[in-house]
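# What the coordinates show
One-letter residues, chain by chain:
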Amino acid sequence: MRIGIDLDGVLVDTVPMLVKAINDRYKRHILENQITVMDLEILLGLDKEEVRGLWEELFSPYQPYLIQLEPLNGAVAGIEALHKAGHSLMIVTSRLKPDDISGWLMRYNLHSMVESSVVSARDVEKVPMMHTMLDDSPSKLATLASRFIYKPYLLYTDYNGFTLDVRHRFNYVSGWPEFVVEMEKLASLDWSYGNSKEVYHI
C-alpha cells in the first residue's frame with residue numbers, strides 16, 4: 001500500500017521547537033506539557049490577522065535545527081516495520097522549507113525506506129493518491145480527504161484531543177505501534193475487487 005506520513009508531530013517530535021519559538025518570540029515561559037492545542041489564536045490569545053503568516057515567522061530561524069530534533073517515540077521502528085512489510089511510504093508535509101528533511105532521514109537511516117521526493121500538502125491536486133495517511137492535524141487530513149482510498153489515521157495527542165467530536169472522519173491511534181498493527185489489518189483486505197474501496201472510502 002502507499003501510505004502518507006506527516007513529518008512534524010508524527011515522525012519528528014516538534015513540540016520542543018515550537019515551545020522554544022513561542023517563548024523566544026513572545027517572551028513567554030510555556031512548558032511542553034502546556035501545549036494542549038496547536039491553534040495559536042487560542043494558545044496565545046491572538047486574532048486571525050496576527051496569526052496569518054506567523055507559523056513561517058516562528059519557524060524560519062529554527063529550520064536548521066530540524067536535524068537536531070528527536071524522532072517521535074516509536075517512529076523509527078514504525079517506519080522500519082512498514083518498509084519491511086513492503087509498503088510504499090511518502091512524506092506529506094505542510095513544512096514551508098522541506099530541504100532539510102533528507103538530512104534528518106539520513107541521520108536515522110530512514111532515507112532508503114521512504115520515497116525520495118517530499119510531497120507538499122499545500123497543493124492538494126498534486127498529492128498522489130494514497131491508501132491512507134498518519135497525521136496529527138485533523139484540518140490537514142480533512143483538506144487532503146480526496147487523496148485517500150481509506151479513512152486516514154489521526155495520531156492522538158494532547159493538542160488534538162478536542163477533535164474527538166468528529167471521530168467519524170478519522171481513525172484514531174495512540175501511537176506508532178498501534179498504527180503498524182492497523183496497517184497489517186488494512187493490508188490484509190482484498191483490494192483487487194474494489195469492495196474495500198466501496199466500504200472504506202470517505
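Everything that follows concerns the structure shown earlier in this document.
The rules behind these values
Residues numbered from 1 in each chain as written. Predicted model: local features only at pLDDT ≥ 70, side-chain atom pairs only at ≥ 80, totals over all residues. Heavy atoms only, no water. Core = buried A, V, L, I, M, F, W, Y, C linked by side-chain atoms within 4.5 Å. Buried < 20%, exposed > 50% of the residue type's maximum accessible area, 1.4 Å probe, protein only. Helix = DSSP H or I, 4+ residues; strand = E, 2+ residues; numbered from the N terminus. Contact = heavy atoms within 4.5 Å. Phe/Tyr/Trp six-rings, centres within 6.5 Å; stacked < 30°, edge-to-face > 60°. Lys NZ or Arg CZ within 6 Å of the ring centre and 35° of its normal. 1 Å grid on protein atoms, 1.4 Å probe; cavity = no way out; pocket = protein on both sides within 12 Å on 5 of 7 lines; lining within 4 Å. Points joined across faces, edges and corners; volume = space filled by probe spheres on them. Pairing = 2+ DSSP bridges.

### What to know about the nonpolar core
Core analysis: the biggest nonpolar cluster contains 32 residues, and Ile5, Leu11, Ile79, Leu134, Trp176 and Phe179 have the highest contact counts within it. Take this core: its biggest share by element is five residues, from helix α8 (residues 176-187). Setting aside residues up to four positions removed in sequence, Leu11 forms contacts with Ile5, Asp6, Pro71, Leu72, Ala75, Ile79, Ile91, Trp104, Leu105 and Trp176. Core analysis: the second largest hydrophobic core is formed by 14 residues, Met130, Phe148, Leu154 and Phe170 among them.

### As for the packing of aromatic side chains
Inspection of the entire model under this criterion finds four aromatic pairs. Relative to Phe179, the ring of Tyr153 lies with its centre 5.4 Å away and its plane at 75 degrees, an arrangement referred to as edge-to-face. Here the residue Tyr153 occupies a position in strand β5 (residues 153-155), and Phe179 occupies one in helix α8, the gap between them amounting to 26 residues. The structure contains a cluster of three or more aromatic residues connected by ring pairs, namely Tyr150, Tyr153, Trp176 and Phe179. Directly above the aromatic system of Tyr26 lies the positively charged group of Arg25, at a separation of 4.8 Å from the ring centroid.

### Quick notes on the layout of surface pockets
Rolled over the atoms, a probe sized like a water molecule indicates the empty space that remains. When its volume is computed, the second largest pocket comes out at roughly 310 Å³. Lining the second largest pocket are 18 residues, with Leu72, Tyr156, Thr157, Asp158 and Tyr159 sitting closest to its centre.

### Quick notes on the sheet that holds strand β6 (residues 171-173)
Overall, parallel pairing links the six strands, which are arranged β3-β2-β1-β4-β5-β6 in an open sheet. Both outer strands of the open sheet, β3 (119-120) and β6, are each paired with one neighbouring strand and no more. As judged from the two bridges shared by strand β4 (residues 132-135) and β5, these two strands associate in the parallel manner. Directly across from Asp135, in β5, lies its bridge partner Leu154.

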